[in-house]
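Fold and contact review
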Amino acid sequence: MPKYTLNINKTSYDVEVAAGTSLLWVLREDLGLTGAKYGCGIGQCGACTVHVDKQPIKACLLPIEQFTAGQEITTIEGLSEHGDHPVQKAWIEAQAPQCGYCHSGQIMQAVALLEQKEHPTRDEIKAHMNGNLCRCGTYLRILTAIEMAAKTKNPTS
Amino acid sequence: MAKDLTITNKINRRAFLKTSGGVTLFIGASGVLPVLVSCQDDKKIREQLKKVPVTAWVQLWEDGQMIIYNPAAEMGQGSMTSLPIIFAEEMDADWSKVQVEFSPQEADIYGGEGWAPGTKLMFTVGSRTTHSYYHVMRKAGAQARYVLLNTAANHWKVPIEELSAAQSFVLHEKSGQKISFGELVPLLTMPTVLPDFTEDQLKNPKDFQLIGKNIPRTEIPAKVNGTAQFAIDVRLPDMVYGALERGKLHGARPTLLNESEILAQAGVMRIVQFDYAIGLIASTLKGVLDAKKLLKIDWSTATSSGYHSQEIYSQYEAIAAKNQKGRVVTEIGNMGEALRSAHKTYTADFKNDYVYHAQIEPLNAVIQVSKDLQTAEVWVGSQQGGDTKLGIPGVLGVPPENVNVHLQYLGGGFGRRSMTDFVVECAVLAKEIAPLPLKLVWTREDDVAYGAYRPLSLQRLKATVDANGQLTGFSHTVIGDGGNLVAGGVKNDHYDIPHQFAEWRETNHGIRLKHWRSVGHGPNKFAIESLLDTIAFDQRMDPINLRRTLMAQSPKALATLEKAVAMSHWDAPSIEGRAKGVAFVDHGSIGTGICEISLDRNSGAIKVHHFWIALDAGMIIQPNNVKAQMEGGIIMGMSSVLKEQITIVDGQVQQSNFHDYSLLRMQEVPDSIETAFIPSSEKPEGVGETATPMVAGAIANAFLKLTGKHLRHLPFTPDRVLAVLNG
């Protein structure tokens, strides 16, 4: 089987998997980075969202051979050392998750928004988060958490 | 840290004693509090102890840290916090020192109140967890406190009656002495009799320190840093993967046509024949899923062959028209007489299509069967069940104690994980490949196509009024497959109507069905609440006033109505183009929901702007968490009411994934969902399924007010809304 080198959470990983294996399966089943979740496999739910060079992507859609060692992949495990990224703190403050399964993806998607835009409007947040499904119905708390994080991360003078 | 005792040590230092009620309790060793559980059969406790070195509701360390065990599944409803809070409240524990873990899956020891009096059950269904464990956890916590007080009394040689406890300390006010729970660990002495603690011996609710406060949920930090473990995350050395192809025709039998081709695929290890599926085992997840796609299968016909879900309603109408009773659910007064003497009779049919659970974690499990096939270790997200070993002992032909279930967080349950089909499948495959551990994964396509849906149904409602427009009779005929799955929620316990009749007329299509959040309440409350507004509309009455009259004998229901009216400013005019609608629901807890909607008359899209809920759920353990349940219940309700639909053509399920089974998304949420609680000191009632059934009725009633037209077929998709508008 072919070998691949990936740069994930600032660590270099060598993996040997069949060509065509999705980044999601490699993260979860080969590397044990199980924070990104499988929900649909067709990019419809966003539970597998991770960052590649700070851009949110759906890890279920992209095969391993499309990634290079030069690309910086970040998963929820690498977002902060102690689970204390401002978005994660806001998530706890808002008591956002219920079952929690989709929330790694929700958080990664939200972090990417706040990297691009310091103070997104509510409509911009909704549009940006529209690809991430939550069956427990925690959307309103996700909105609250993102607005709280925007305030603490990028306080206005 | 806990003393490093060997298992032998622990067993030798255990003791048993009888409570005043004659129930056996297991008493632990140093570092371990008594197992504060009751079990009529001490053999069962001893068996359990052989396997699990320490089994208890609580473990206490000398540094004061403690673990409280949660016996219920955690699927987002907050059991990992609410049940331990009840325990810690009565124990007078310092919550900052509490950690929570799942208890072993042993109903004799950890069960809550079962369906029948005196029975025990570990089954996280029906929104009954807090209700069924409330007294169990209070009593166990009070007993833990008693053991600590008793130890301190012996240590200080003072009467136990002179002691009190607070914040993980025992206090002797007379002498001013104080000792922490942790310091008592090496001194633990066992009382000769442990009180049973009846309701009146427990804390007065006015003294509660934890219950009713907004305490953050214990498992949320793990759910925001990626470490919360779901069964699908479990990885074991040498683990292999399983998948099944179950087809799209429920109940069809497969014949595999290309066995040798499949076995030649890289990594494929086994093909396993099921009655309804072809199972595969391979060394990688990609390998098993790739091989599954290559399967060539000839499917037999099944009961559902020839069944078209969207064409069945005309048959249902014919069944409704028959002059022949089905199974009577309720009969009060004489509906026939009400119909004969009615000033006016209202009749309407309501329909609902199938809906699917769509929990975001697809079904899965990990099982390792021992080489001799005698024992199994199981990792699963399950809502548990009457059989806490989830059918695995039957697969292996071994006694239940040989199966060890490690409950994991559930990536959504909603009723689907109260079935054990996926666990049994995993056990069959794991047995084939023992002793290798096996992870079974359902793809989303598997999860949709071989779902177990909330049944399709038709409901024919008739209501009679007298010359003053007062309701005299209410008749409700449900036609559909699934017994209580369709017939639940037809009763009107809070409406004072002299003549009432409800019945279920059975159909059968061979489609897999299961409890789906709120079960029959979803479609049935929709029908009931809609017909009430139809009457109010025709009688030119305020729908609130109509309900006020009906609720005259139920002050609790009326209080929720009045509160919701106040919250929503019902009497104030809505913004142009918007209208409000109301619906009342009882499902353990009772509540009134009011929504405000607007309508895009070109596209047929309904927009929900606000939802207000007034809820009477008895004592509220975790207020913020109950609000979260209301929010989630409304969102899931909106999703099902506005969008979701499984359709069957010639027996074949037509949907396969989230591109053709749409769920509500972020851009469709209301601006706000507000919840208010009616203060109560009564026993807590379930809150997980009260909000969802409010949605359909409230939206349909707002739509009626806005347009004068009736939405009577779920879901209210834009094409259906346009058809009604233009009809």
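Calculation rules
Residues numbered from 1 in each chain as written. Chains lettered and ligands numbered in written order. Predicted model: local features only at pLDDT ≥ 70, side-chain atom pairs only at ≥ 80, totals over all residues. Helix = DSSP H or I, 4+ residues; strand = E, 2+ residues; numbered from the N terminus. Buried ≥ 20, exposed ≤ 12 C-beta atoms within 10 Å, placed from the backbone. Contact = placed C-beta atoms within 7 Å. Nonpolar A, V, L, I, M, F, W, Y, C, P; charged D, E, K, R; others polar. Domains from an automatic or database assignment. Pairing = 2+ DSSP bridges. Axes fitted to C-alpha atoms, helices over the stretch in contact; angles between N-to-C directions. pLDDT = per-residue confidence, 0-100. Core = buried A, V, L, I, M, F, W, Y, C linked by C-beta atoms within 7 Å.

**Thoughts on the overall build of chain A**
- Assigned secondary structure in chain A consists of five helices and five strands.
- Each helix and strand of chain A, placed in order from N terminus to C terminus, yields the pattern β-β-α-β-β-β-α-α-α-α.
- Every one of the 157 residues in chain A was classed for burial, and the buried ones make up 55%.
- Counting contacts in chain A only where the partners sit at least 6 residues apart, residues at least 24 apart contribute 62% of the total.

**Description of the interface of chain B and chain A**
- Listed by partner, the interface residues are 43 residues for chain B and 44 residues for chain A.
- The set of elements that each furnish at least two residues to the side of chain B that touches chain A consists of helix 7 (220-224), helix 9 (285-294) and helix 19 (623-642) of chain B.
- Among the elements that take part in the side of chain B that touches chain A, helix 19 of chain B stands out by supplying seven residues, more than any other.
- Of the residues in the side of chain B that touches chain A, the class split is 22 nonpolar, twelve polar and nine charged.

**Considerations on the environment of B:Tyr69**
All names here are of chain B.
- Within the fold, Tyr69 resides in strand 5 (residues 66-70).
- With 22 C-beta atoms counted inside 10 Å, the residue Tyr69 sits in the buried group.
- For Tyr69 and Pro104, which are 35 residues apart along the polypeptide, the C-alpha to C-alpha distance reads 8.5 Å.

**Section: the domain arrangement of chain B**
All names here are of chain B.
- The domain boundaries assigned to chain B delineate domain 1 (7-211), domain 2 (231-300 + 363-441) and domain 3 (309-355 + 453-726).
- On a C-alpha basis, the centroid separation for the pair domain 1 and domain 3 is 42 Å.
- On the domain 3 side, the residues contacting the 15 residues of domain 1 number 16 residues.
- Only helix 3 (79-91) and helix 5 (129-156) provide two or more residues apiece to the side of domain 1 that touches domain 3.

**Concerning unusual backbone geometry**
All names here are of chain B.
- Note that the residue after Ala434, namely Pro435, is joined by a cis bond; omega there is 5°.
- With respect to the helices and strands, Pro435 occurs in the loop between helix 13 (421-433) and strand 22 (438-441).
- With a phi angle near 50°, Gln167 is a residue other than glycine that sits in the positive phi range.
- Residue classification places Gln167 among the partly exposed positions, given that 14 C-beta atoms sit within 10 Å.
- For Ala358, which is not a glycine, the phi torsion comes out positive at approximately 55°.
- Structurally, Ala358 can be placed in the loop between strand 18 (344-352) and strand 19 (364-369).
- Under the C-beta neighbour-count criterion, Ala358 is labelled buried, with 27 such atoms within 10 Å.

**A look at the sheet that holds strand 21 (residues 403-407) of chain B**
All names here are of chain B.
- Reading across from one edge, 14-15-12-22-19-20-21 is the order of the seven strands in this open sheet, with mixed pairing throughout. One side of each edge strand has no neighbouring strand; the edge strands of this open sheet are strand 14 (268-273) and strand 21. Strand-to-strand twist in this sheet, taken as the mean axis angle between neighbours without regard to direction, amounts to 20°.
- With five bridges joining them, strand 19 and strand 20 (residues 376-380) adopt antiparallel strand pairing. Note on strand 20: the bridge partner recorded for Ile367 is Val378.
- The sheet contacts of helix 13 involve strand 12 (240-245), strand 14, strand 15 (278-282), strand 19, strand 20 and strand 22, and relative to strand 19 the element is tilted by about 35°.

**Structural notes on the sheet that holds strand 4 (residues 55-58) of chain A**
All names here are of chain A.
- The strand order 2-1-5-3-4 describes an open sheet built from five strands, whose pairing is mixed. This sheet does not close on itself; its edge strands, each paired only once, are strand 2 (11-16) and strand 4. On average, adjacent strands in this sheet sit at an angle of 40° to one another, irrespective of strand direction.
- Pairing between strand 1 (residues 3-8) and strand 5 (residues 72-74): two bridges, direction parallel. The partner of Asn7 across the bridge, within strand 5, is Glu72.

**Considerations on the confidence of the model for chain B**
All names here are of chain B.
- Averaged over every residue, the pLDDT of chain B is 92; the share at 70 or more is 92%.
- When the criterion is pLDDT under 50, residues 1-39 qualifies, and its contacts beyond four places in sequence or with other chains add up to 96 contacts.
- A low-confidence stretch, residues 49-55 stays under pLDDT 50, and its non-local contacts, those more than four residues away or across chains, total 15 contacts.
- The ipTM assigned to the predicted complex is 0.98, against a pTM of 0.94.

**As for the environment of B:Leu440**
- Tracing the chain through its elements places B:Leu440 in strand 22.
- As for B:Leu440 and B:Ser260, which are separated by 180 residues in sequence, their C-alpha atoms are 22 Å apart.

**Structural notes on the nonpolar core**
Residues and elements named next belong to chain B.
- Within the largest apolar cluster, 250 residues are counted, with the highest numbers of intra-cluster contacts made by Ala365, Ile367, Cys426, Ala427, Leu438 and Ile699.
- The biggest single contributor to this core is helix 5, with twelve residues.
- Of all hydrophobic cores here, the second largest spans six residues; its members include Ala107, Tyr110, Met122 and Val125.

**Regarding the domain arrangement of chain A**
Residue and element names in this part refer to chain A.
- Entries for chain A in the domain assignment read domain 1 (3-78) and domain 2 (86-153).
- One C-alpha centre belongs to domain 1, the other to domain 2, and the line joining them spans 21 Å.
- Between domain 1 and domain 2, the contact holds 15 residues from the first and twelve residues from the second.
- When residues of the side of domain 1 that touches domain 2 are traced back to their parent elements, those giving at least two are strand 3 (49-52) and strand 4.
- Here the side of domain 1 that touches domain 2 gets three residues from one element, more than from any other, and that element is strand 3.
- Taken together, the residues of the side of domain 1 that touches domain 2 break down into seven nonpolar, six polar and two charged.

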